[in-house]
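Remarks on the overall topology
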Amino acid sequence: MRSFTYERARLPGEAASAASRIEGAKFIAGGTNLLDLMKLEIETPTHLIDVNGLALDKIETTPEGGLRIGALVRNTDLAADPRVRRDYGLLSRALLAGASGQLRNKATTAGNLLQRTRCPYFYDTNQPCNKRRPGSGCAAIGGFSRQHAILGASEACIATHPSDMAVALRALDATVETVRPDGSVQSVPIAELYRLPGDTPQIETTLVPGELITAVKLPKPIGGTHIYHKVRDRASYAFALVSVGAIVAPDGTGRVALGGVAHKPWRVEAAEAEMPRGANAVTEQLLAGAKPTDENAFKLPLVERTLSAVFAQARV
Amino acid sequence: MSKVSFSVNGEARVLEVDTRTTLLDALREHLHLTGTKKGCDHGQCGACTVIVDGRRINSCLTLAVMHEGDSMTTIEGLGLPQSLHPMQAAFVKHDGYQCGYCTPGQICSAVAVLDEIKAGIPSHASADLNALPQATTAELRERMSGNICRCGAYSNIVDAITEVAGRKA
């Protein structure tokens, strides 16, 4: 690990301003992803701003009847919150399907959103990777690409976003609240938080340098049956090959988002209009324009089968 | 170098460490509490599991300087050979190990798992998110998935935890 200086931030605005002022600075909260990457020298911050003291660890009810989740709420606490379990079961389920008990105890809401891909070529510093070293190429294209994206990828990058929680938040229409280095407060719909890789896969979100996530807001509950179905190589503690987050109303309408298939949680509103007609019709819309590799073409039928299982479960 | 103070197994400790020092290295190399093990050093194996402020974490994926004022319990703080913690005794009785390298992490994790179940924290294996979870085999296997045992002592580990939870193995 490269050496770095360390400070404990006291106020969100101060943290954001320090992050933009100090070259090579990064925020650290749970640290479970950042320290892993620092040990491999994939992340090489020169200064760490510890945001754990910022008092952003509460879950509050909003005047609109939704929830405002502090950026520092740990994944365990978010999944276990009685209001989340009762009204946003999809979010609890997605969190509990991710990582291990130890990691969920440390990992924060904002850190989970901003975690980096687990593409093995991003992790292997001997390989080219446009995300790690822009312009060096992509070893996943033509490499072992079983886990990679089938939608929205580019000639520069076929990595997927690893978060389960983000898939649930996308289906729940969450909004991300931030503070920028200039002190301004922003509200970003989660649909607009993530970027597709394009020519600049190293830029993963629409946040500006130094912008700090302070909270995630959920609109008031919409009811329905909440299901998160994650398909992976092990029964526990593995990333998704494909995951489906769904909210299904009694009349069969609802919302669907996919994980494990793209650089961001994948949701297509036109596909949701097909929900009463079943998994086949929904899949056709969701996977329009899919470009799998030879190794991950299995994800196309897997999406349809997983959707089919989710809709069957919703009918029980 | 940075100064940090925290309590380990009930004893106040003050350390002067490089900011890069993980909590795991602080415990092993600075405080010579070598019960906590370094396996993968990347949060994948669970050998470094310790309990900080009542919660199990991977000590390899956190910096010592981030734990100012915290209270931690390592395997040495749970029990010693002459005064075993019930979970340690159950691991011995049920042969919940072979080489023993993952065992301190398994035991710290297992103690915290039973607290998590008591606190009503659900898991991926909980059929009903809104019901109180029970220490069933399915629940224990899911909740212990962050602790890998190369020797494959899993079924005996589950038996040991089940006994401490007060259920029939």
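Residues numbered from 1 in each chain as written. Chains lettered and ligands numbered in written order. Predicted model: local features only at pLDDT ≥ 70, side-chain atom pairs only at ≥ 80, totals over all residues. Heavy atoms only, no water.

1. A short note on the overall build of chain A
Along the backbone of chain A there are twelve helices and eleven strands. With the C-alpha coordinates of chain A rotated into their principal frame, the extents come out at 55 × 50 × 35 Å. For chain A, the residues scored as buried account for 57% of the 316 residues in total. Long-range pairs, those at least 24 residues apart, make up 62% of the contacts in chain A between residues at least 6 apart in sequence. Working note: accessible area of chain A is about 12800 Å², and carbon and sulfur atoms make up 51% of it. Positive and negative charge centroids in chain A, built from 37 and 32 side chains respectively, lie 4 Å apart. (Helix = DSSP H or I, 4+ residues; strand = E, 2+ residues; numbered from the N terminus. Buried < 20%, exposed > 50% of the residue type's maximum accessible area, 1.4 Å probe, protein only. Contact = heavy atoms within 4.5 Å. Areas by Shrake-Rupley, 256 points an atom, 1.4 Å probe, with all protein chains shown as cover. Lys, Arg positive; Asp, Glu negative; His and termini not counted. Charge placed at Lys NZ, Arg CZ, Asp CG, Glu CD.)

2. Concerning helix H11 (residues 279-286) of chain A
Turning to H11 of chain A, its buried residues number three or more, namely Ala279, Ala281, Val282, Thr283 and Leu286 of chain A. Tucked inside the fold, the buried residues of H11 of chain A contact strand E11 (254-259), helix H10 (269-272) and helix H12 (299-315) of chain A.

3. What about H12 of chain A?
In an α-helix, one full turn covers 3.6 residues, which means residues spaced three or four apart are oriented alike. Residue and element names in this part refer to chain A. In a regular helix each residue adds 1.5 Å, so 17 residues correspond to 24 Å; H12 covers 24 Å between its end C-alpha atoms and thus fits that length. Along H12, the positions that sit buried rather than exposed are Lys299, Leu302, Val303, Thr306, Leu307, Val310, Phe311 and Ala314. Buried residues of H12, viewed axially, fall in a sector of 165°; they line one side. Projecting away from the buried face of H12 at angles above 90 degrees are the exposed residues Arg305 and Arg315. Buried positions along H12 lie against strand E9 (225-231), strand E10 (242-248), E11 and H11. (Expected span 1.5 Å × (residues − 1). Arc of directions from axis to C-beta.)

4. Things to note about the interface of chain B and chain A
Contact residues are listed per partner, giving 38 residues for chain B and 40 residues for chain A. For the pairing of chain B and chain A, the buried interface totals around 3200 Å² over both sides, and the portion due to carbon and sulfur atoms is 53%. Applying the counting rule to chain B against chain A returns two salt bridges. The salt bridge partner of Lys39 of chain A is Asp41 of chain B, with a shortest N-O separation of 2.8 Å. When residues of the side of chain B that touches chain A are traced back to their parent elements, those giving at least two are strand E4 (55-58) and helix H4 (103-118) of chain B. Residues that form the side of chain B that touches chain A fall into these classes: eleven nonpolar, 19 polar and eight charged. (Buried area = accessible area lost by both parts, 1.4 Å probe. Salt bridge = Lys/Arg side-chain N within 4 Å of Asp/Glu carboxyl O. Nonpolar A, V, L, I, M, F, W, Y, C, P; charged D, E, K, R; others polar.)

5. Some remarks on the pattern of salt bridges
Residue and element names in this part refer to chain A. This structure, assessed with the given rule, holds 31 salt bridges over all chains. Between Arg255 and Asp173 there is a salt bridge, with its nearest N and O atoms 3.5 Å apart. Placement of the pair is Arg255 in strand E11 and Asp173 in the loop between helix H9 (165-171) and strand E6 (175-179), with a sequence separation of 82 residues. Given a relative accessible area of 33%, Asp173 falls into the partly exposed group. Its salt-bridge partner being Asp173, residue Arg267 comes within 2.9 Å of it at the nearest N-O pair. Pair noted here: Arg267 is in the loop between E11 and H10 and Asp173 is in the loop between H9 and E6, with a separation of 94 residues, a long-range link. One connected set of salt bridges, linked through shared partners, spans Arg170, Asp173, Arg255, Arg267, Glu269 and Glu272.

6. Observations concerning the confidence of the model for chain A
Averaged over every residue, the pLDDT of chain A is 98; the share at 70 or more is 100%. Here H10 of chain A stands out as the least confident element of chain A, with mean pLDDT 96; H9 of chain A is the most confident, with 99. (pLDDT = per-residue confidence, 0-100.)

7. Considering the nonpolar core
Of all hydrophobic cores here, the largest spans 51 residues; its most connected members are Leu78, Leu91, Leu113, Leu169 and Leu218 of chain A. Contributing elements (two or more residues each) for this core: helix H1 (12-21), strand E5 (67-70), helix H3 (75-80), helix H5 (89-96), helix H7 (109-113), H9, E6 and strand E8 (212-218) of chain A. Among the elements that line this core, the one with the most residues is H9 of chain A, at six residues. Apart from the residues within four sequence positions on either side, Leu113 of chain A is in contact with His161, Met165, Ala166, Leu169, Val176, Ile190, Leu193, Tyr194, Ile213 and Val216 of chain A. One finds Phe6, Leu24, Val50 and Met66 of chain B within the second-largest nonpolar core, a separate group that totals 31 residues. (Core = buried A, V, L, I, M, F, W, Y, C linked by side-chain atoms within 4.5 Å.)

8. Quick notes on the sheet that holds E5 of chain A
Residues and elements named next belong to chain A. With respect to topology, five strands assemble into an open sheet ordered E4-E5-E8-E6-E7, the strand pairing being antiparallel. Of all strands in the sheet, those bounded by a partner on one side alone are strand E4 (59-61) and strand E7 (185-189). Mean inter-strand twist for the sheet, computed between neighbouring axes without regard to direction, equals 25°. Looking at chain direction, E4 and E5 are connected through three bridges and run antiparallel. Within E5, the residue paired with Thr61 across the bridge is Leu67. On top of the sheet, H1 reaches E6 and E8; it is set at about 130° to E8, its chief contact. (Pairing = 2+ DSSP bridges. Axes fitted to C-alpha atoms, helices over the stretch in contact; angles between N-to-C directions.)

9. What to know about the sheet that holds strand E3 (residues 47-50) of chain A
Residue and element names in this part refer to chain A. Taking strand neighbours across the sheet as the criterion, the three strands line up as E1-E3-E2 in an open arrangement whose pairing is parallel. The open sheet has two free edges, formed respectively by strand E1 (5-8) and strand E2 (25-28), since each of these has just one partner strand. Shown here is a sheet whose adjacent strand axes are inclined to one another by a mean of 25°, direction ignored. Two strands pair when backbone bridges link them, and E1 and E3 are joined in this way by four bridges, in the parallel orientation. Paired with Arg8 across the strands is Asp50, a residue of E3. Together, E1, E2 and E3 form the strand contacts of H1, whose direction differs from that of E2 by roughly 145°.

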